[in-house]
Amino acid sequence: MTSPSEKLLLFGATGDLSQRMLLPSLYGLAAEGLLPSELAIVGTARTGHDDAAFRGFVEQALRRFVPAERLDERALGGFLARVGYVPVDASKEGDFAALAEKVGATDRGLSIFLSTAPSLFGATIDGLAKAGLAGEGVRIGLEKPLGYDMASSREINDAVGSVFPEERIFRIDHYLGKETVQNLLALRFANGLFEPLWREGGIDHVQITVSETVGLEGRVGFYDGAGALRDMVQNHILQLLALVAMEPPARFDAAAVRDEKVKVFRSLRPIDRTTAVSHSVIGQYGPGAVAGGPVPGYVEELGRPSDTETFVALKANIDNWRWKGVPFYLRTGKRLPSRQSEIFIQFRGVPHSIFDGRGAALQPNKLIIRLQPDENVRLLLMAKEPGLDRDGIRLREVPLDISMPNAFADSRRRIAYERLLLDLVEGDQTLFVRRDEVEAQWAWVDAIRDGWAANAMKPKTYMAGTWGPSAAIALTERDGVTWHD
Ligand code: BG6
C-alpha cells in the first residue's frame, strides 16, 4: 500500500516544461484541494534563485500560463507559500547536500520529478543517492528523453535502477495522462459492443496519426539528431498502439495493464533491413505555408544541412492471433496542415451487399477516436437517403458523434501532467511506463533506424503545410487504403 508523499522535488523547475505544464498543473491541483494539504514543493535548477526570487518566478509563470478565470488570488498565495528553491549544479556533489538539507527528512514520502538532459542523468542520480535522497520513502518520476536508443536507454535505466527499485520509478509518457487516451480504455473495456469485432475478421486496418503544425520551436539542440521516430513514435504513438491492440487486462492496475501492453510491443513484427524501404517513409519539411502564413524549411531553421526526419509513416504489423493480417498505419510529423491526434479504425465491410442490384454502394464502418485538439468519438454508419428510390437506392455514411466536452460539460479539461503528477505523489504506477515496455519499444525502433541506415534512406523533402512526402500516400494506397486526413 503506498501513501501520498509529503514533499515534491522538481528538477528543471525554471525550464519551459515546468513553466508551461508542471507549475500550472500543480497550481490547478492545489487550488482544487487535490494535493496532500501538507505537500511542500521544492524547485531546483541551475539558476541562482533564492526562495523569494523563485516564488516571483512561479507567480509570473502562473499568471502567464494559467487561464485568467482559473487564477484565484487566495489560491495563488497559498500555492506560493508551499514553494521553495535550491540551486543545484548536477556536476557539484556539494549542491546535493544543500538540496538534502532543504528537503529534510524523506521518511514521510518524497516524490521527485526529474527532467534533465541525458548527459546529466548519471550525475543527478548519483548525487541524489549520496545525499540520502533515494531512500525508501522516495519515488522518482522520469521525463523523456530517456536515451536515444536501446543502449543509452539501458544505461539510464541501469543508473536509476541501481538506486531505485522499479516500484519507485515512474517513467512519464505524457500521452498516458491525456483524458482521451484513458478514454480509449473505457471505450474498449467498459462497452461490450466493440470487443467481438475488435480483431482480424472485424477490423480491416487501423491508422494512428499525430500531426503537428509547429516546427522546431527553438528545440534545435534536442530535436536535430533525434527526429520524429524517436521523439514521437518510440513513446507516444507506440503507447497509443498498445492501448488499441492489447488484450483486456484483468484489472485496471499497474501490473495488469503494463503486462498486456508489453506483450503488444513484443509482438510487433520488426521493420528491418529487408522491409524498411517498403514499410517506412521519412520526410523533412521544406519551406511552405502553415495556417495561411509562410514558414521556413527545417534546414533554414536549423542553419545547416541535416538528415533528421521531421515526418515518419510506418506500416506496422502485430504478429499475434488477434491482429493477424491487420495493418496498423502510423504517421507523425511537424509542419503538417493541422494539429490532430486520432485513431482511425476501419471495420471490414459486410460479407454480401443486398443492395448491389439497386445501385447502392456500401462503405465499411469506421470509428474515429479524436484525441486532440477536439475530443470526440465518431462512428460512421451507412444509412438510406430519404426518398422513393425510383432511380435506385442511395445509401450514405452518417456520423454518430459523441463530443466529450459536451457529454461531460461539468468537468474541467485538465493538462495531462495534472493526472500524472498526482499519480506520482500518490504512488499509482498504472499510467507510467515500465522498463520492459521501454526496452521493447526501443528494440522495434532501433531495428527501423538500422534499416534506414542499411538502405541509405534519407528523408524526402515535403512542403511545410502538406501531409508529408507523396511516398507516405503510396505506402497506404498500395494496400488500397487512404489516409484519413
Ligand atoms: C513531445 C515531443 O513529447 O510531445 C514534442 O517531444 C511534441 O516534439 C509533443 O511536440 C507533442 O505533445 P502534445 O501533447 O502537444 O501532443
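Analysis parameters
Residues numbered from 1 in each chain as written. Predicted model: local features only at pLDDT ≥ 70, side-chain atom pairs only at ≥ 80, totals over all residues. Heavy atoms only, no water. Helix = DSSP H or I, 4+ residues; strand = E, 2+ residues; numbered from the N terminus. Buried < 20%, exposed > 50% of the residue type's maximum accessible area, 1.4 Å probe, protein only. Contact = heavy atoms within 4.5 Å. Near = heavy atom within 4 Å. Polar contact = N/O pair within 3.5 Å; in protein donor to acceptor, adjacent residues only side chain to side chain. Areas by Shrake-Rupley, 256 points an atom, 1.4 Å probe, with all protein chains shown as cover. Pairing = 2+ DSSP bridges. Axes fitted to C-alpha atoms, helices over the stretch in contact; angles between N-to-C directions. Expected span 1.5 Å × (residues − 1). Arc of directions from axis to C-beta. 1 Å grid on protein atoms, 1.4 Å probe; cavity = no way out; pocket = protein on both sides within 12 Å on 5 of 7 lines; lining within 4 Å. Points joined across faces, edges and corners; volume = space filled by probe spheres on them. Nonpolar A, V, L, I, M, F, W, Y, C, P; charged D, E, K, R; others polar. Core = buried A, V, L, I, M, F, W, Y, C linked by side-chain atoms within 4.5 Å. Salt bridge = Lys/Arg side-chain N within 4 Å of Asp/Glu carboxyl O.

Topic: unusual backbone geometry
Next, step 1: Of note, the amide linkage connecting Lys-144 to Pro-145 takes the cis form, showing an omega dihedral of 0°.
Next, step 2: As for its position among the elements, Pro-145 is in the loop between strand S5 (138-142) and helix H6 (150-161).
Next, step 3: The omega angle of the peptide bond from Gln-372 to Pro-373 is 5°, so this bond is cis rather than trans.
Next, step 4: Position of Pro-373 relative to the elements: it lies in the loop between strand S14 (366-372) and strand S15 (376-384).
Next, step 5: Even without glycine at this site, Arg-335 takes up a positive phi of about 55°.
Next, step 6: Take Arg-335: it is sitting in the loop between strand S12 (328-333) and strand S13 (340-347).
Next, step 7: Owing to a relative accessible area of 14%, Arg-335 belongs among the buried residues under this scheme.

Considerations on the environment of Ser-403
Next, step 1: With respect to the helices, strands and loops of the structure, Ser-403 is situated in strand S16 (residues 395-403).
Next, step 2: Along the backbone, Ser-403 and Tyr-417 are 14 residues apart, and their C-alpha atoms lie at a distance of 22 Å.
Next, step 3: Setting aside residues up to four positions removed in sequence, Ser-403 forms contacts with Glu-375 and Asn-376.

Structural notes on the site of the ligand
Next, step 1: In the region of the ligand, the neighbouring residues are Lys-144, His-174, Tyr-175, Lys-178, Glu-212, Arg-219, Asp-231, Met-232, His-236, Lys-334, Arg-339 and Gln-372.
Next, step 2: Separating an oxygen atom of the ligand from a side-chain N or O atom of His-174 is a distance of 2.8 Å.
Next, step 3: A distance of 2.7 Å separates an oxygen atom of the ligand from a polar atom in the side chain of Lys-334.
Next, step 4: Within the complex, the protein chains bury 82% of what would otherwise be the 400 Å² of accessible surface of the ligand.
Next, step 5: A total of 3 residues in the shell around the ligand trace back to one element, the largest contributor, which is helix H9 (residues 227-245).

What to know about the sheet that holds strand S1 (residues 7-11)
Next, step 1: Read across the open sheet, the 6 strands follow the order S3-S2-S1-S4-S5-S6; overall the sheet is parallel. Single-partner strands in this sheet number two, and they are strand S3 (83-87) and strand S6 (169-171). Neighbour-to-neighbour, the strand axes of the sheet open up by a mean angle of 20°, direction not taken into account.
Next, step 2: Bridge analysis of S5 against S6 gives 3 bridges, and the strand direction is parallel. Pairing of Leu-142 across the sheet is with Arg-171, part of S6.

Here we look at helix H5 (residues 118-130)
Next, step 1: Taking 1.5 Å per residue, 13 residues should reach 18 Å; H5 reaches 19 Å between its end C-alpha atoms and fits that length.
Next, step 2: Within H5 the residues assigned to the buried category are Phe-121, Thr-124, Ile-125, Gly-127 and Leu-128. Each buried residue of H5 sits inside an arc of 165° when the element is viewed along its axis, so together they form one side. Facing away from the buried side of H5 by over 90 degrees, the exposed positions are Ser-119 and Lys-130.
Next, step 3: Those residues of H5 hidden inside the fold are in contact with S1, helix H4 (93-103), strand S4 (110-114), S5 and H6.
Next, step 4: After H5 finishes, the residue Gly-132 shows a positive phi value of roughly 80°.

With respect to the side chain of His-279
Next, step 1: Within the secondary structure layout, His-279 lies in helix H11 (residues 276-279).
Next, step 2: For His-279, a relative accessible area of 17% translates into the label buried.
Next, step 3: Contact partners of His-279, with chain neighbours within four places excluded, come to Ile-271, Ala-313, Leu-314, Lys-315, Asn-317 and Leu-475.

Focus on the layout of surface pockets
Next, step 1: By volume, the second largest pocket is sized at about 340 Å³.
Next, step 2: Considering the residues around the second largest pocket, the lining is formed by 22 residues, among which Lys-144, Pro-145, Leu-146, Gly-147 and Trp-442 are closest to the centre.
Next, step 3: Elements with a contribution of two residues or more to the lining of the second largest pocket: H9 and helix H15 (435-454).
Next, step 4: The element contributing the most residues to the lining of the second largest pocket is H9, with 5 residues.
Next, step 5: Here the residues of the lining of the second largest pocket sort into 10 nonpolar, 6 polar and 6 charged.

What to know about the nonpolar core
Next, step 1: If you look at the biggest cluster of nonpolar residues, it comprises 115 residues, and the most contacted ones within it are Phe-328, Ile-343, Leu-367 and Trp-444.
Next, step 2: Among the elements that take part in this core, H9 stands out by supplying 12 residues, more than any other.
Next, step 3: Contacts of Trp-444, omitting those with residues within four sequence positions, involve Val-233, Leu-238, Leu-268, Arg-269, Pro-270, Ile-271, Leu-314, Ala-316 and Leu-330.
Next, step 4: Membership of the second largest hydrophobic core comes to 26 residues, among which are Val-103, Leu-133, Ile-140 and Phe-164.

Details of the pattern of salt bridges
Next, step 1: Tallied over the entire structure, the rule returns 42 salt bridges.
Next, step 2: Where Arg-171 meets Glu-166, a salt bridge forms, and the shortest distance between an N and an O atom there is 2.8 Å.
Next, step 3: Judged by relative accessible area, which is 2%, Arg-171 ranks as buried.
Next, step 4: When salt bridges that share partners are traced, they join Arg-188, Glu-195, Arg-199, Glu-247 and Arg-322 into one network.

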